[in-house]
Amino acid sequence: GAVVSQHPSRVICKSGTSVKIECRSLDFQATTMFWYRQFPKKSLMLMATSNEGSKATYEQGVEKDKFLINHASLTLSTLTVTSAHPEDSSFYICSKVAGGSYNEQFFGPGTRLTVL
Amino acid sequence: QKEVEQDPGPLSVPEGAIVSLNCTYSNSAFQYFMWYRQYSRKGPELLMYTYSSGNKEDGRFTAQVDKSSKYISLFIRDSQPSDSATYLCAMSRNSGNTPLVFGKGTRLSVIA
């Protein structure tokens, strides 16, 4: 399957700081990537669709000014959680689509964010 | 009613048992169906991918889709302790760059 990496795998930060999470496609280019959030014992919830060279599309209820997404290259999308608060503590996972006529999504290993 | 319903379990079975996991959905526009396995604190791993109704088999895993009933299943034969994980169903309306809608996931424990 396709290879997606995320960095960092885990981050602990103080309330009010900003945290950047990187999502890289290691095997082929990805014009579109997706960012999900997963709370403990809950399912993955789509936050936004990241599009290379254009603005991200955010899901209803997700603050675009708080969760900044940048997709500056065909292999890298970043999610920055600005002014993080304890309620932002979650597991953030990115994914990309296999391409062609298929839409199998391949996920990164996830980033666990803990805001103190 | 949520778009995708999945019993969160937990489900505990003895090693060697046949496991049946399933999801129901409400949106008849879904055409692409997937099952993911997620180990604790890891990203989901794609197990099975099917389009429209029918069965698909891959080793010990069989995926079934019944669009008329809006019901999908994943069967695991000869279950192993290493199968212990959370299994998430996911689906989408279109192919290509389309986000997925996930079930809550079912936590499975296979006891040796």
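What you are looking at is a predicted structure, and each value in this text was computed from that prediction instead of being measured.

## Looking at the sheet that holds strand S8 (residues 76–81) of chain A
All names here are of chain A.
At step 1: Within the open sheet, the 4 strands sit side by side as S1-S3-S8-S7. Their pairing is antiparallel. One side of each edge strand has no neighbouring strand; the edge strands of this open sheet are strand S1 (4–7) and strand S7 (67–73). Here the strands of the sheet are splayed against their neighbours by 20° on average, with no regard to which way each runs.
At step 2: One ladder, built from 6 bridges, connects strand S3 (residues 19–25) with S8; its direction is antiparallel. Bridge pairing in S8 links Cys23 to Ser77.

## What to know about the interface of chain B and chain A
Accessible area lost when the parts come together is the quantity often used to give the size of an interface.
At step 1: The interface is formed by 23 residues belonging to chain B together with 23 residues belonging to chain A.
At step 2: Carbon and sulfur atoms supply 54% of the area buried between chain B and chain A, which totals about 1800 Å² over both sides.
At step 3: Along the contact surface separating chain B from chain A lie 0 salt bridges.
At step 4: Taken together, the elements giving at least two residues each to the side of chain B that touches chain A come down to strand S4 (32–38), strand S5 (45–51) and strand S9 (85–92) of chain B.
At step 5: Within the side of chain B that touches chain A, the residues separate by chemical class into 10 nonpolar, 9 polar and 4 charged.

Analysis parameters
- Residues numbered from 1 in each chain as written.
- Chains lettered and ligands numbered in written order.
- Predicted model: local features only at pLDDT ≥ 70, side-chain atom pairs only at ≥ 80, totals over all residues.
- Heavy atoms only, no water.
- Pairing = 2+ DSSP bridges.
- Helix = DSSP H or I, 4+ residues; strand = E, 2+ residues; numbered from the N terminus.
- Axes fitted to C-alpha atoms, helices over the stretch in contact; angles between N-to-C directions.
- Contact = heavy atoms within 4.5 Å.
- Buried area = accessible area lost by both parts, 1.4 Å probe.
- Salt bridge = Lys/Arg side-chain N within 4 Å of Asp/Glu carboxyl O.
- Nonpolar A, V, L, I, M, F, W, Y, C, P; charged D, E, K, R; others polar.

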